[in-house]
Amino acid sequence: MIDLKKEIRKLPESDPGAEPVHVGIVCPGTYPVALASLGFQTVHRIAHSHPGIIAHRITLESTHSGKHKARTLEESLEIKSLDALLISCSFELDYINLVRILHSAGINPLRRKRKSLPMLIFGGIAVTGNPEPIAGIADAIAIGDAEIILPGILDDFIDLFPLLRGARFLAGRDKLYESWDNLPGVYVPALWEDKKGGFENPDNRSIVQAYIENADSYPSFTPVVAPDGAYGAKNLISISSGCLTGCRFCMLSHITSPEPVRSFESIIENARIFSPDEASVGLVSSRVSDHPEIVHTINTLADFGYSVSVSSLKVSSTTPDLLNALHRAGTSGVTFAPEHGSERIRRILGKPYSYDEVRDRVAWSFDCGISNVKLYFLTGFEEETDDDLDSTSEFIISLCRDTGLEKRPGTCRLGISIAPFVPKPGTPFQRRAMQDDRTLKRKLKRITSSLKGIPRLDCEYESPRLSILQGIFSVGNRTLEKYLEDISKNDLPVLSAWERAVEKFGDSPLQLVLKLRPVDEWKIPWGFI
């Protein structure tokens, strides 16, 4: 049961005006996930403060109302009655929850079948990388940072809103599409398709991603916190974007700008929007430890009384001073991503860390009082041999031994997460094939079988079948819209719903992701970005 009374809100002033436009802010996840999503919270803050708009939040719980129509969290308005939906998708599998939210609200997921409001506007790193799987659903897609793109989208929508009412909707929508098409970083799929709804780009146009060039020019904080959030009452602050590591499998190294670094002064200013009693601070970046003032920042926040946590740390730039600062600020757990136990495979992936470097960071973490260390690994690469798989097992076993894990204080634990490789748009590995379910299961079993029973070692791995489904939506195209429409109509578990759709429409998306996609045989769906 969601209790909105527990929330502490620090939303900016709003000016909805006499005839406001009602906009839904959609998280394709649960309420705790929405509170812990900086992307969703940023869109909420931007829309709430935009003149002429009233923003309403929508999560998966909004649809769990039995025979009642799906409704917004705050005012319990029918979602179908809203004028527009702003949908934040950080992960490809969000698309499945999203179409189910739409169906429960009585909104047809397919754009060509919709004859009235609301308009559907998408954003997030998943659609920035490859918007085509949801191109048949979206009216507009933001390619890049919401802070840059969203205000223009909302301005045009408000200006042309009178043309979207009643019988004038279709003609008004066409005018709005034309207006949106002139905005930087905005992709209007309806203007890029043939009569059958397939992708078409006869003029060889391109969309240029819009991104923030000066991080301090825009605030970054979580405007609504509550103890029910996935991370508790935590104020999330983006301290930098992109990544300079250049991992060959990761979008963050290749489709986001690595330049904007938030200054020490801006981080402190955004943190102090909430008092230490109201919210802890979460510093968000793929390269937290690269920030030039990270130790000073954490120590200063600790001096003000804040508890501080961080996202994944980079092995090469993590120091004992940083880990001591984190412990002083109340951090109980840190994460690193060595990715593989085989040095040969790590070099192929663009992660040339040595075992000794990883061992030292794990040991330093425990030495300074941080009790939980988590490491991320990947498998499912064509170059892997059984010896490489065994190297990952040996890497983990050696860490437990060489860091003295079993002899550490009782609270110390090492967590291991192993995931199958998924090809991502815009990366050097974007054309690589995934390995099939049987192969991935065998590899995961080989890695994990020798790890059972090791004291204080926790091991988890991602479902190969779900990873393959993620891969399908990562590199797929508009043909996936019929699968999503079918999935929206039932409440089956995700994999069962997908299998039912495959029975109807065939397994061509699966075959695509399971085979190498050479340059001369396959044109990438996102090649116009």
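Residues numbered from 1 in each chain as written. Predicted model: local features only at pLDDT ≥ 70, side-chain atom pairs only at ≥ 80, totals over all residues. Heavy atoms only, no water.

Caption draft 1: Focus on unusual backbone geometry. Cis rather than trans, the peptide bond between Leu 117 and Pro 118 has omega equal to 10°. Of note, Pro 118 is situated in the loop between α3 (94-104) and β5 (119-123). Even without being glycine, Glu 339 reaches a positive phi, approximately 75°. Turning to its location among the elements, Glu 339 is positioned in strand β12 (residues 333-339). Positive phi, normally seen in glycine, also occurs at Arg 456, with a value near 65°. For Arg 456, the location among the structural elements is in the loop between α13 (437-449) and β15 (457-461). A relative accessible area of 19% means that Arg 456 is categorised as buried. (Helix = DSSP H or I, 4+ residues; strand = E, 2+ residues; numbered from the N terminus. Buried < 20%, exposed > 50% of the residue type's maximum accessible area, 1.4 Å probe, protein only.)

Caption draft 2: Local environment of the sheet that holds strand β14 (residues 413-420). The strand order across the open sheet formed by four strands is β12-β13-β14-β15, and the pairing between neighbours is parallel. The two strands at the open ends of the sheet, each matched to only one other strand, are β12 and β15. Each adjacent strand pair in this sheet contributes to an overall mean axis angle of 20°, direction not counted. (Pairing = 2+ DSSP bridges. Axes fitted to C-alpha atoms, helices over the stretch in contact; angles between N-to-C directions.)

Caption draft 3: Layout of empty space enclosed by the protein. By the definition in use, this model includes one cavity of 30 Å³ or more. Counted as a void, the largest cavity has a volume near 30 Å³. Lining the largest cavity are Leu 35, Ala 36, Gln 41, Thr 222, Val 224, Val 225, Ala 226, Gly 229, Gly 232, Ala 233 and Lys 234. Residues belonging to the lining of the largest cavity are distributed by class as follows: six nonpolar, four polar and one charged. (1 Å grid on protein atoms, 1.4 Å probe; cavity = no way out; pocket = protein on both sides within 12 Å on 5 of 7 lines; lining within 4 Å. Points joined across faces, edges and corners; volume = space filled by probe spheres on them. Nonpolar A, V, L, I, M, F, W, Y, C, P; charged D, E, K, R; others polar.)

Caption draft 4: Broad picture of the pattern of salt bridges. If you walk through the whole model with that rule in mind, you get 35 salt bridges. With a closest N to O distance of 2.7 Å, Glu 132 and Arg 478 form a salt bridge. Here Arg 478 lies in the loop between α14 (464-475) and α15 (481-488) and Glu 132 lies in the loop between α4 (125-129) and β6 (140-142), a separation of 346 residues in the sequence. The pair Glu 132 / Arg 478 is uniform in exposure class, with both members buried. With a closest N to O distance of 3.1 Å, Asp 360 and Arg 359 form a salt bridge. On the basis of relative accessibility, which here comes to 26%, the residue Asp 360 falls in the partly exposed class. It is possible to trace a salt-bridge network through shared partners that takes in Glu 7, Arg 9, Arg 57 and Glu 74. (Salt bridge = Lys/Arg side-chain N within 4 Å of Asp/Glu carboxyl O.)

Caption draft 5: Here's a closer look at the sheet that holds strand β9 (residues 234-238). As summarised here, the arrangement of the three strands in space is β9-β10-β11, forming an open sheet in which the pairing is parallel. Whereas interior strands pair on both sides, the edge strands pair on one side only; in this sheet they are β9 and β11 (308-310). For this sheet, the mean angle separating the axes of adjacent strands, direction not counted, is 25°. Direction of pairing for β9 relative to strand β10 (residues 280-284): parallel, over a ladder of five bridges. Considered in β10, the bridge of Leu 236 is made with Gly 282. Packed on one face of the sheet, helix α8 (residues 294-303) meets β10 and β11 and runs near 170° to β10. (Contact = heavy atoms within 4.5 Å.)

Caption draft 6: Summary view of the environment of Gly 426. Here Gly 426 is to be found in the loop between β14 and α13. Residues Gly 426 and Cys 250 lie 176 residues apart in sequence; the distance between their C-alpha atoms is 8.7 Å. Apart from residues no more than four positions distant in its own chain, Gly 426 is found in contact with His 254, Ile 255 and Trp 526.

Caption draft 7: Broad picture of the nonpolar core. Within the largest apolar cluster, 53 residues are counted, with the highest numbers of intra-cluster contacts made by Leu 85, Phe 122, Ile 134 and Ile 137. Elements supplying a minimum of two residues to this core: β4 (84-88), α3, β5, α4, α14, α15, α16 (494-505) and α17 (508-513). The element best represented in this core is α3, accounting for six residues. When near neighbours in sequence (up to four residues on either side) are disregarded, Phe 122 contacts Ile 87, Cys 89, Leu 98, Val 127, Ile 134, Ile 137, Ala 138, Ala 140, Ile 141 and Ala 142. Counting residues in each nonpolar core, the second largest holds 50 residues, with Ile 298, Val 310, Leu 375 and Ile 454 among its members. (Core = buried A, V, L, I, M, F, W, Y, C linked by side-chain atoms within 4.5 Å.)

Caption draft 8: Broad picture of the packing of aromatic side chains. What the rule picks out here adds up to 15 aromatic pairs. When the ring of Phe 421 is compared with that of Phe 429, the centres are 5.9 Å apart and the planes differ by 85°; the resulting orientation is edge-to-face. Owing to a relative accessible area of 6%, Phe 429 belongs among the buried residues under this scheme. Pairing Trp 522 with Trp 526 gives two aromatic rings, centres 5.9 Å apart and planes at 75°, and the pair type is edge-to-face. Comparing Trp 522 with Trp 526, the two get one shared label, buried. Seen from the ring of Phe 221, Arg 45 lies directly overhead, with NZ or CZ sitting 5.4 Å from the centre. Looking at Arg 517, its charged tip hangs above the ring of Trp 522, at a distance of 5.1 Å from the centre. (Phe/Tyr/Trp six-rings, centres within 6.5 Å; stacked < 30°, edge-to-face > 60°. Lys NZ or Arg CZ within 6 Å of the ring centre and 35° of its normal.)

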